[in-house]
Structure formats: C-alpha cells, structure tokens
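Close look at the chain arrangement
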Amino acid sequence: MLNASDLYLRMNDTPTSNDNELSNDPPPRPPVEPDPGDCCGNGCDPCIFDLYEEARQHYREALAAWRERHPGVDPASVAPP
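Residues numbered from 1 in each chain as written. Predicted model: local features only at pLDDT ≥ 70, side-chain atom pairs only at ≥ 80, totals over all residues. Heavy atoms only, no water.

Digging into helix α3 (residues 48-69)
Here α3 is 22 residues long and its end C-alpha atoms lie 31 Å apart, about the 32 Å a rise of 1.5 Å per residue gives. Those residues of α3 that fall on the buried side of the exposure criterion are Tyr52, Ala62, Leu63, Ala65, Trp66 and Arg69. The buried residues of α3 occupy one face: seen down the axis, they fall within an arc of 160°. The outward face of α3, more than 90 degrees from its buried face, is lined by the exposed residues Glu54 and Glu68. (Helix = DSSP H or I, 4+ residues; strand = E, 2+ residues; numbered from the N terminus. Expected span 1.5 Å × (residues − 1). Buried < 20%, exposed > 50% of the residue type's maximum accessible area, 1.4 Å probe, protein only. Arc of directions from axis to C-beta.)

This is the structure we're talking about:
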C-alpha cells in the first residue's frame, strides 16, 4: 500500500482520471492558515507562519504533481476522502 509521500512521488506514464483512481489518489488538501493570535509574537525561529509557508509550498508542489497525474480534472470536483 502506498503512503502519502509515495503518492506524491508516483509518476504515471498514462494518467487516467477514472473514479477508482481518484479515490485512491485524492488531491492534496491545502494547509490550514494559522490565526493571527496563534503567533506568540516572541520572534520564534521558525514562527508558526514560517511553518505555514513551508506547508503551502509543499502543497503547491503536491498539487502540481497531482494535476500531472490527472490532467483536466478540477481538484475541487473530487470529494475529500
């Protein structure tokens, strides 16, 4: 069974977008943005907002890879698992 990292890295020479494949390879979910009050204001390194930006970058990369595997499929049209 593939784990989440394997799914992001998996390359498929002939991508398809049938329901079964989409249920086995759902689009990545964006990270939840922290509330302004979640930051303590003490200049932490890394700050919770730095970690959020890293998570957003990972999400963008994972979404780009998912779109390559499922060309023409709108990620918003796929029901979450």
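Picking up where we left off.
Topic: the confidence of the model for the protein
When pLDDT is averaged along the protein, the result is 83, and 78% of the positions lie at 70 or above. Per-residue pLDDT, averaged within each element of the protein, yields its smallest value for helix α1 (residues 4-9) (46) and its largest for α3 (97). Confidence over residues 1-17 falls short of pLDDT 50; this stretch has 25 contacts with residues more than four positions distant or in other chains. (pLDDT = per-residue confidence, 0-100. Contact = heavy atoms within 4.5 Å.)

Considering unusual backbone geometry
The step from aspartate 45 to proline 46 runs through a cis peptide bond, and the omega angle for that step is 10°. Within the secondary structure, proline 46 is located in the loop between α2 (19-24) and α3.

So, the environment of valine 32
Its location among the elements puts valine 32 in the loop between α2 and α3. Valine 32 gets classed as exposed once you look at its relative accessible area, which sits at 74%. In this structure the C-alpha to C-alpha distance between valine 32 and alanine 55, which are 23 residues apart in sequence, comes to 9.1 Å.

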